[in-house]
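# Notes for the structure review
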Amino acid sequence: MPERADRFIHTFAALADLGQEVADMNSFQQMIRTSLHLLLGSLAIMRGGVARFSRFGGELNFLAMRSMGEDFPLMLSLGRDDVREFVNGGLEAYDLNYPLLNGLPFVRNHKKLFEQKQIELLIPLIVRDELVGLALLGGKASGEKFDAGDKAVICAMARHIGVGIRQRNLMAELERRAQENRQLYEDLKLTYKDTVKAFAAAIDCKDKYTEGHSVRVGRYSEAIALELGWDSDQMEGVAVAGYLHDVGKLTIDRTIINSPTRINAKESAELNKHPQTGYDILMPIHHPFADVPLAAKYHHERIDGRGYPDGLYDRDIPYIAKIVNLADSFDAMTTDRPYKRRRPAEDVIEDLYKNSGKQFAPELVSAFCRSMYKEMTGESKQRQFKRMLGKDYIQNEKVIPMLKDVLNGIAPTSSLTLVSLD
Amino acid sequence: MITENLLEVADQAPSQPDVSVVYATDYLNKLTGEKIERECKERLNGGCKTLVLNFRNTELVNSIGVSILLGVIDAASSAGAKVVFSDMNQNTIELFDMLGVTKHVELSEDN
């Protein structure tokens, strides 16, 4: 076979391998190293290096070098004039003595180094009118000068390497923006959470007796969701639903909410509007958690259909509303109200059990009691119940056996009940 | 005695301690071929003055292989050592001739 054809086949194979290497998206470092080998090996070039251009620092950082010597700098500075001239010239394989190059500060500053290292060609890697890097090449093993055909091959290969570097730059930019977006999203979530908490505080301010009620309902709801094995997003959603479940009370007359005696039928009808009002307030807001308005609307529904506003039965009530209902009822029973003192913990647990399957979904009562049981027995490191109810309110020796009974499906008997039986 | 190395690519001629034989193998044509180059450099650093690269198990040499061999030649030149290519097939000889690689090495039928 004539030598020219052999040479063509060897070079063409290198070009094909290089295209494959860039397209394969292997590790960037590996791609650059392989590409430099292919570039040097295609024409048996004794030495060379490939650098990536960082436009922020105006630096050329060498990613791969072959036979350039240990003392060759890993970074070279490139000025704006250099960059502009390179971009104007496009992707070319320039002889080091090319007149255009000699006018550039970059070449003037480093000419001695390049001559010392026997660099013969300088190839700015230009992709879409952007300088992405630079290749430096030494002489051929044959000692022949680079001819136009050699330079065309070198430019074709350099174009591939340039595309590889640009791809990497785009990926890095994409990653940076994705990271920025993630951070923004986290910030937004925090803002949303803070807003929700501020709203909860505003709701609770209307009623001096129920100060902190919404936050506690949120926390109890979260505890139930944790026991149900919900993921962190779902738990956050149910907590928000708890915080905002009483938002409709903002429109109810303060005298009704703070009435020291039982309210009359008219006032009760007015108060009972708050779930629908809450829904109307929350519905137009784009919540990250879709069920929040439904929790507000249906948190007074009971699974036996005796709740309000719509008297829905079990499966028609949104699950999140059932959770909030249980948390809300528990907090109502365990905090002082204008017209009555809070009930003892044992009494409340009995009530939960008795109303399981009537007001509350049985699996939610179990989940709630399990959460409390784990805290009381130390199985869980959480101290939510003690913190929210006060450390003297729950007496472990009385409450733990009752919770155990509930979890075993046995009707719990409190000491209070026994006292009354005696 | 033949000293086996981790790569199983090299041995040392017992009667000539400054002569090392490195088997090129087909690894030469991939990035992993840099191991062969490192092995050669170690031999050169160890005082080897004649580095024999044996191509007995090398079917063909691609551009990566050529680049790695040029790296070996450069390292040998810096160390003042001689590089000998042996057991090359006709295709490899023609390729190295065409590219001018053979100007920098001695050729031998075998090691």
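## Here's the deal with the overall build of chain B
Across its full length, chain B holds three helices and five strands. Along its sequence from the N terminus, chain B presents helices and strands in the succession β-β-α-β-α-β-α-β. When the 111 residues of chain B are sorted by exposure, 44% land in the buried category. Put simply, of all contacts in chain B between residues at least 6 apart along the chain, 69% involve residues at least 24 apart.

## Some points on the confidence of the model for chain B
All names here are of chain B. Taken over all residues, the pLDDT of chain B has a mean of 82, while the share at 70 or more is 82%. For the stretch residues 1-8, pLDDT sits under 50, and the model shows nine contacts to residues farther than four places along the chain or on other chains. Prediction confidence for the complex, expressed as pTM and ipTM, is 0.65 and 0.85 respectively.

## Description of the interface of chain B and chain A
Every contact between the two is made by 19 residues of chain B and, on the other side, 24 residues of chain A. Within the residue set of the side of chain B that touches chain A, elements represented by two or more residues are α2 (63-78) and α3 (90-99) of chain B. With nine residues, the top contributor of residues to the side of chain B that touches chain A is α2 of chain B. Of the residues that constitute the side of chain B that touches chain A, the class distribution is nine nonpolar, seven polar and three charged.

## Some points on the packing of helix α2 (residues 28-42) of chain A against α2 of chain B
Orientation of α2 of chain A relative to α2 of chain B, taken along the N-to-C sense of each, is 85°, at an axis distance of 7 Å. In terms of orientation, α2 of chain A lies roughly perpendicular with respect to α2 of chain B. Here T34, H37, L38, L40, G41 and S42 of chain A of α2 of chain A lie close against α2 of chain B, whose contacting residues are S63, I64, G65, V66, S67, I68 and L70 of chain B. When its residues are assigned to classes, the contact of α2 of chain A with α2 of chain B shows six nonpolar, seven polar and no charged.

Rules used throughout
Residues numbered from 1 in each chain as written. Chains lettered and ligands numbered in written order. Predicted model: local features only at pLDDT ≥ 70, side-chain atom pairs only at ≥ 80, totals over all residues. Helix = DSSP H or I, 4+ residues; strand = E, 2+ residues; numbered from the N terminus. Buried ≥ 20, exposed ≤ 12 C-beta atoms within 10 Å, placed from the backbone. Contact = placed C-beta atoms within 7 Å. pLDDT = per-residue confidence, 0-100. Nonpolar A, V, L, I, M, F, W, Y, C, P; charged D, E, K, R; others polar. Axes fitted to C-alpha atoms, helices over the stretch in contact; angles between N-to-C directions. Parallel < 35°, antiparallel > 145°, perpendicular 65-115°, else oblique.

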